[in-house]
Amino acid sequence: MLRPPFMAKLTVNDLNLQGKRVFTRVDYNVPMEKTGSAMVINDDTRIRATLPTLIALIEKGARIVLASHLGRPKGERVASMSLRPVADKLAELLGQPVAFADDCVGEIAQVAINNLQNGEMLLLENVRYHSCEEANGSDFAEQLAANVDVFVNDAFGAAHRAHASTAGIAEVITARGGQCAAGLLMERELQFLGEELDAPDKPFVVILGGAKVSDKIKVIDRLIEKADTILIGGAMAYTFKLALGKSVGNSLVEPDKVDIAQAALDKAAERGVEFLLPNDNLISQMNDGAWANPVLNSAEDIPDGREGVDIGPATAARYAEAITGAKTILWNGPMGIFEDARFAKGTMAVAVAVAAATGAGAVSIIGGGDSVKALNQNGLAGQVTFMSTGGGASLEFLEGNELPGVAALSEK
Ligand code: AMP
């Protein structure tokens, strides 16, 4: 369902939370690795991202009940998907104890919540240990809401799912006259992916890359209505090239998506949107499971047997020029197979251009996933305006969809 124009949601800053029990949905779906008999967190970015909200809740004297999913245990108690290591990590980051409850509902949760004093914090066990979480069972949502007063959602990355801990609980709390607010991370996501992009300062330049046209066509379609310039890279460029009758060799393409690619090109032309495709590429070929003979191909066509793996330097320079002078930039998806350093130059050139334009006053919004990884790899993460923490959620929001976890929050 399409979402209405940007509407400000209640945030934790609007609430008086002294002594209130606040069920706070966070996204602690962090990568972990088994080391000896313990699970060790590889990357704590998602935990750190919630600290501003948690500090605000502590300062307001809330009794904080944190809930999250981790992995896909499918309703079973899978030991390797326990959130217990996250409670320890959080305690270390905050410098205060974080209690842990072995279940997110029932007596175990109730006792743990009753033990909380103002400003204290508790992490509940993985909500997906119960199959009713993903099924958004109303009984389960009632159980999650049983011992709390207020709902705060700071899990933008899970907001595109109508689950019990993201949407169902909000309905229960709203129905009994309680408040449901965005956390500070969620607020920033809505501000940048919603408010800023609903009415972007012009020129608005959109850069889209990655593997598939089919994943992003709805985003392209919607953004053609707002953007001045759209720059396409990654494998998805080759489906557009195919639509234009070019040869793409063995490049990753979606031949069945040529029609929708052509429709996007036509719509851009009708609206006078500049729609740029690569005019040179790095090409390579797979030999025995490894990329071999990478060379620059400066022709519009890619020779048989070769795959486009990155945009070439002429394209990178054209794209960088288009990015310079933008007032608003949205970037989602790499320009090539950037995981291989030999094919990362195009993505890096875009990252550098986006950072430079931001330094010159543009608002730059990075739509999550691999573009965030590329900026981190190049030490440029601090030089863009906003990096989304959502992957699938960001794309759905950029498509203009109503996210259940956002729709369920109270309006200001
Ligand atoms: P996405 O999740 O759709 O943003 O796609 C990201 C993936 O697209 C990365 O893993 C890249 O390696 C891949 N990718 C980018 N360009 C190409 C290309 N030219 N050929 C194959 N894969 C690509």
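Residues numbered from 1 in each chain as written. Predicted model: local features only at pLDDT ≥ 70, side-chain atom pairs only at ≥ 80, totals over all residues. Heavy atoms only, no water.

(A) Molecular detail of the pattern of salt bridges. Scanning the model with the defined rule gives 19 salt bridges in all. Here lysine 267 makes a salt bridge to aspartate 221, at a shortest N to O gap of 3.2 Å. Here lysine 267 is found in helix H11 (residues 258-271), whereas its partner aspartate 221 is found in helix H9 (residues 213-223), with 46 residues between them in sequence. For lysine 267, a relative accessible area of 15% puts it in the buried group. A salt bridge links lysine 241 to glutamate 300; the shortest N-O distance between them is 2.7 Å. Within this pair, whereas lysine 241 is found in helix H10 (residues 236-243), its partner glutamate 300 is found in the loop between strand S13 (290-297) and strand S14 (307-311), the two being separated by 59 residues in sequence. (Salt bridge = Lys/Arg side-chain N within 4 Å of Asp/Glu carboxyl O. Helix = DSSP H or I, 4+ residues; strand = E, 2+ residues; numbered from the N terminus. Buried < 20%, exposed > 50% of the residue type's maximum accessible area, 1.4 Å probe, protein only.)

(B) Examining the pairing of strand S10 (residues 229-232) more closely. Because side chains alternate across S10, one face comprises the buried residues Thr229 and Leu231, and the other comprises Ile230 and Ile232, equally buried. Crossover connection from strand S9 (residues 204-208) via H9 to parallel S10: handedness right-handed. Both S10 and strand S11 (residues 274-276) contribute to a ladder of three bridges, which runs parallel. Along S11, the bridge assignment pairs isoleucine 230 with phenylalanine 275. (Right-handed = clockwise from strand over helix to strand, strands pointing away. Pairing = 2+ DSSP bridges.)

(C) Representation of the sheet that holds S10 within the structure. If you walk across this open sheet you meet the six strands as S11-S10-S9-S15-S16-S17, and the pairing is parallel. Where the open sheet ends on each side, the last strands, each with one partner, are S11 and strand S17 (386-387). In terms of strand pairing, S9 meets strand S15 (residues 328-332) through five bridges, oriented parallel. Its bridge partner being in S15, phenylalanine 204 is matched across the sheet by threonine 328. The strands that helix H8 (residues 184-198) touches are S9, S15, strand S16 (363-366) and S17; relative to S16, the one it contacts most, it runs at about 120°. Taken strand by strand, helix H13 (residues 345-359) contacts S9, S15 and S16, and its axis lies near 155° from that of S15. (Contact = heavy atoms within 4.5 Å. Axes fitted to C-alpha atoms, helices over the stretch in contact; angles between N-to-C directions.)

(D) Representation of the sheet that holds strand S4 (residues 63-67) within the structure. Strands sit in the order S5-S6-S4-S1-S7-S8 across an open sheet of six strands; the sheet is parallel. Strands with a single pairing partner mark the edges of an open sheet, and in this sheet they are strand S5 (99-101) and strand S8 (180-182). Ignoring strand direction, the axes of neighbouring strands in this sheet form an average angle of 25°. The pairing of strand S1 (residues 21-25) with S4 spans five bridges and is classified as parallel. Looking at the pairing, threonine 24 lines up with leucine 66 of S4. The sheet contacts of helix H2 (residues 51-59) involve S1, S4, strand S6 (121-124) and strand S7 (150-153), and relative to S4 the element is tilted by about 155°.

(E) Representation of unusual backbone geometry. Look at the link from lysine 202 to proline 203: it is a cis peptide, with omega at 0°. Following the sequence through the fold, proline 203 ends up in the loop between H8 and S9. Unusually for a residue other than glycine, asparagine 136 sits at a positive phi of about 50°. Within the secondary structure, asparagine 136 sits in the loop between helix H5 (131-135) and helix H6 (138-145). Using a relative accessible area of 24% as the deciding quantity, one classes asparagine 136 as partly exposed.

(F) Summary view of the site of the ligand. The local shell around the ligand holds 14 residues, among which Ala211, Lys216, Gly308, Glu339 and Asp370 are the closest. At 2.9 Å from an oxygen atom of the ligand is found a side-chain nitrogen or oxygen belonging to lysine 216. In the model, a nitrogen atom of the ligand is placed 3.3 Å from a nitrogen or oxygen of the alanine 235 main chain. A molecule is said to occupy a pocket when more than half its atoms come within 2 Å of that pocket's grid points, and by this definition the ligand occupies the second largest pocket. In terms of residue class, the shell around the ligand is made up of seven nonpolar, four polar and three charged. (Near = heavy atom within 4 Å. Polar contact = N/O pair within 3.5 Å; in protein donor to acceptor, adjacent residues only side chain to side chain. 1 Å grid on protein atoms, 1.4 Å probe; cavity = no way out; pocket = protein on both sides within 12 Å on 5 of 7 lines; lining within 4 Å. Sits in = over half its atoms within 2 Å of the grid points. Nonpolar A, V, L, I, M, F, W, Y, C, P; charged D, E, K, R; others polar.)

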